[in-house]
Amino acid sequence: GADKDGDGMPDELEDVRDVLEAAHPMLTDLFSFYAAQHGDFRGVTLNEWTDFVGDFELSSKASRFCKPRDMDTLFYEIKAASANYKREQAREAKRSGPSKASKPVETFDLAKALTRHEFMTAIVHLAIKRYVMTGEMPDVSDALHHLLFNDIQPEIDRAADYPDPNAFREEH
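Conventions and cut-offs
- Numbering of residues begins from 1 in every chain and follows the order in which that chain's sequence is written.
- For this predicted model, a pLDDT threshold of at least 70 governs which residues receive local features, and a threshold of 80 or more governs which side-chain atom pairs are given and counted, while totals over whole chains, interfaces and linings are taken from all residues.
- Heavy atoms throughout the structure, all of them, feed into the side-chain values; hydrogens and water do not.
- Numbered from the N terminus, helices here are DSSP runs of H or I no shorter than four residues, and strands are runs of E no shorter than two.
- Whether two residues are in contact is decided by their heavy atoms, any of which lying within 4.5 Å being enough.
- Helix span, expected: 1.5 Å multiplied by one less than the number of residues in the helix.
- Per-residue accessibility, obtained with a 1.4 Å probe over protein chains only, is compared with the maximum for each type, and a residue is labelled buried under 20%, exposed over 50%, and partly exposed between these values.
- Ring pairs are drawn from Phe, Tyr and Trp, using the six-membered ring of Trp, whenever the two centres fall within 6.5 Å, and their geometry is named by plane angle: stacked under 30 degrees, edge-to-face over 60, tilted for the rest.

## Here we look at the side chain of Lys129
Here comes step 1: The residue Lys129 is located in helix 5 (residues 116–132) in this model.
Here comes step 2: Excluding anything up to four places from it in sequence, Lys129 contacts Phe65, Cys66, Asp70, Met71, Leu74 and Thr134.

## Description of unusual backbone geometry
Here comes step 1: One non-glycine residue, Glu57, adopts positive backbone phi at about 50°.
Here comes step 2: Secondary-structure assignment places Glu57 in the loop between helix 3 (46–55) and helix 4 (68–95).

## Side note on helix 1 (residues 11–22)
Here comes step 1: Between its first and last C-alpha, helix 1 extends 17 Å over twelve residues, near the 16 Å set by a 1.5 Å rise per residue.
Here comes step 2: Along helix 1, the residues classified as buried are Asp11, Glu14, Val16, Val19 and Leu20.

## Describing the packing of aromatic side chains
Here comes step 1: A complete count under the given rule lists eight aromatic pairs for this structure.
Here comes step 2: Ring geometry for Phe33 and Tyr34: centres 4.9 Å apart, planes at 85°, overall edge-to-face.
Here comes step 3: With a relative accessible area of 48%, Phe33 lands in the partly exposed category.
Here comes step 4: Of the aromatic side chains, those joined through ring pairs into one cluster are Phe31, Phe33, Tyr34, Trp49, Phe52, Phe56 and Phe119.

Remember, this is a structural readout, not a statement about activity or role.
And the structure:
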């Protein structure tokens, strides 16, 4: 990609980072909400990912690239890429010598759930599938911005506008 500012990072990648940064509070809230559904805040399982996609109507059986099965596949692709990266890191660490750091004991299987950064990666890929691959938008950053601020944020705002169910009881 083009690097017009000469900082060594492609400009589009910087633009995607800027969109993620602007949406960070919303993304962390979404991640925490869906991760909490199964009682552990460290990961979003396939069931919670499916709930997220459904709650915001991000998939459609009529879509070319965003059918419900495509969203399941996206979940598994992100997990596989992350596992490959971790295996490569382990190989590198093994080549560089033994580590004195001990591994924490895990009670939750993160191999079956998206971590926070994997969740954000999945959302970027969802934006690509929904808008870039369809030809609707040429830039990943524009597609991501549209997905986050036109498709997801308004739905969160509508949910926040619901009246407090206890307000009537407390007033009367």
